[in-house]
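# Coordinate inspection notes
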Amino acid sequence: SFVIDSCTTAIALIEEQLIKRVLPMTHTINSELSPFRVPQLDLQAVRRVLFFSAHEAAVMIGMVDEKTWLGWENGDQPIPEQVAMRIGALLDWRKAHLAQARESMGINATQHVRALWYESMDDWCSLEEHDPIAWRPEQSINATLLEEFPSRIELIAFDMRKYAAWIKGRKDSMHLRAQWLTEVA
């Protein structure tokens, strides 16, 4: 199970400030990378909002080693435009999915929701349609929703062994995982 700590609250506040200060109001989510400028001082905060470690961000977003990524965070080197655009696209994706979830929670004001918590990227990627780069941002959304709706959100740790026994050879899908979440977990 997952427990929210005071860092998550701080991250949520940082995220709101970043969205107001860094993201242009005209941002729209689409299949292309969004234009995005991020000062070096904010790169670490943005990375943390997305739940990436420095190593994960370096490999998955920057496609560089961790030392180079930390150089960007420390302001030793300018952040390449392509990296800033990837970060912007991830923030757009997160913002759009979080808005959808918040809207759903508002419409269904009494609904209790269970969400899967993936402890590892291996568990997340065990579903073919899951993009590895979305693992941490998805967990960040779940944590934010848990903070905002503590009595209505329940995070359930994904258990591959239990799930494999339940699925019994059927083709894995997000629909089946949602079904497993409501029936078994």
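You'll find the structure just up there.
The paragraphs below set out a description of the structure included in this document. Owing to the predicted nature of the structure, the values given are computational and were not obtained by experimental measurement. (Residues numbered from 1 in each chain as written. Predicted model: local features only at pLDDT ≥ 70, side-chain atom pairs only at ≥ 80, totals over all residues. Heavy atoms only, no water.)

## Regarding the overall build of the chain
Test applied: Numbering of helices and strands runs from the N terminus, with a helix taken as a DSSP run of H or I at least four residues long and a strand as a DSSP run of E at least two residues long. Any residue under 20% of the maximum accessible area for its type is buried, any over 50% is exposed, and the rest in between are partly exposed; the area is computed with a 1.4 Å probe on protein chains only. The contact rule is simple, with two residues in contact once any of their heavy atoms fall within 4.5 Å. All accessible areas in this document rest on Shrake-Rupley with a 1.4 Å probe, and a residue is counted as covered only by the protein chains that are shown.
The secondary structure content of the chain amounts to nine helices and two strands. Counted from the first residue to the last, the chain has its helices and strands arranged as α-α-α-α-α-β-α-α-β-α-α. Per-residue burial over the chain gives 43% buried out of 185 residues. In the chain, once contacts between residues fewer than 6 apart in sequence are set aside, the share between residues at least 24 apart is 66%. For the chain, the exposed surface amounts to about 10,400 Å²; the carbon and sulfur share of it is 56%.

## A short note on the nonpolar core
Let me state the cut-off plainly: Side-chain atoms within 4.5 Å link the members of a nonpolar core, which is a set of buried Ala, Val, Leu, Ile, Met, Phe, Trp, Tyr and Cys residues.
Phe-52, Ile-61, Trp-69, Val-83 and Ile-87 are the most contacted members of the largest nonpolar core, which has 19 residues in total. Of all the secondary-structure elements, those providing two or more residues to this core are α2 (40-49), α3 (54-62), α4 (66-74) and α5 (81-107).

## With respect to the pattern of salt bridges
Filter applied, for reference: When a carboxyl oxygen of Asp or Glu is within 4 Å of a side-chain nitrogen of Lys or Arg, the pair counts as a salt bridge.
Evaluated as defined, the whole model comprises five salt bridges. Between Glu-73 and Arg-47 there is a salt bridge whose closest N-O contact spans 2.4 Å. Of this pair, Glu-73 sits in helix α4 while Arg-47 sits in helix α2, and the two are 26 residues apart along the sequence. Overall, Glu-73 belongs to the buried group, its relative accessible area being 8%. Look at Arg-47 and you get buried, because its relative accessible area is 8%. The partner of Arg-136 in a salt bridge is Glu-56, with the nearest N and O atoms 2.9 Å apart. Pair noted here: Arg-136 is in helix α7 (residues 135-148) and Glu-56 is in helix α3, with a separation of 80 residues, a long-range link. In this structure Glu-56 comes out as buried when scored by relative accessible area, which is 15%.

## A look at the side chain of Gln-139
Test applied: Polar contacts, as counted here, are pairs of nitrogen or oxygen atoms within 3.5 Å of one another; within protein the pair requires one atom able to donate a hydrogen and one able to accept it, and residues that are adjacent in sequence qualify only if both atoms are side-chain atoms.
For Gln-139, the location among the structural elements is in helix α7. Relative accessible area serves as the criterion here: at 1%, Gln-139 is assigned to the buried category. Within the local environment of Gln-139, its side chain forms a polar contact with the backbone oxygen of Tyr-118, the two atoms lying 3.0 Å apart. Ignoring sequence-local partners within four residues, the contact set of Gln-139 consists of Phe-51, Leu-116, Trp-117 and Tyr-118.

## What to know about α7
Helical geometry: 3.6 residues make up each α-helical turn, so side chains three or four residues apart lie on a common side. Just so we agree on the cut-off: Expected span, for any helix, means 1.5 Å times one less than how many residues it has.
Its 14 residues place the ends of α7 20 Å apart at the C-alpha level, agreeing with the 20 Å of an ideal helix rising 1.5 Å per residue. Across the 14 residues that make up α7, a large majority, 10, are buried. Along α7, the residues that are buried comprise Trp-135, Pro-137, Gln-139, Ser-140, Ile-141, Asn-142, Ala-143, Thr-144, Leu-145 and Leu-146.

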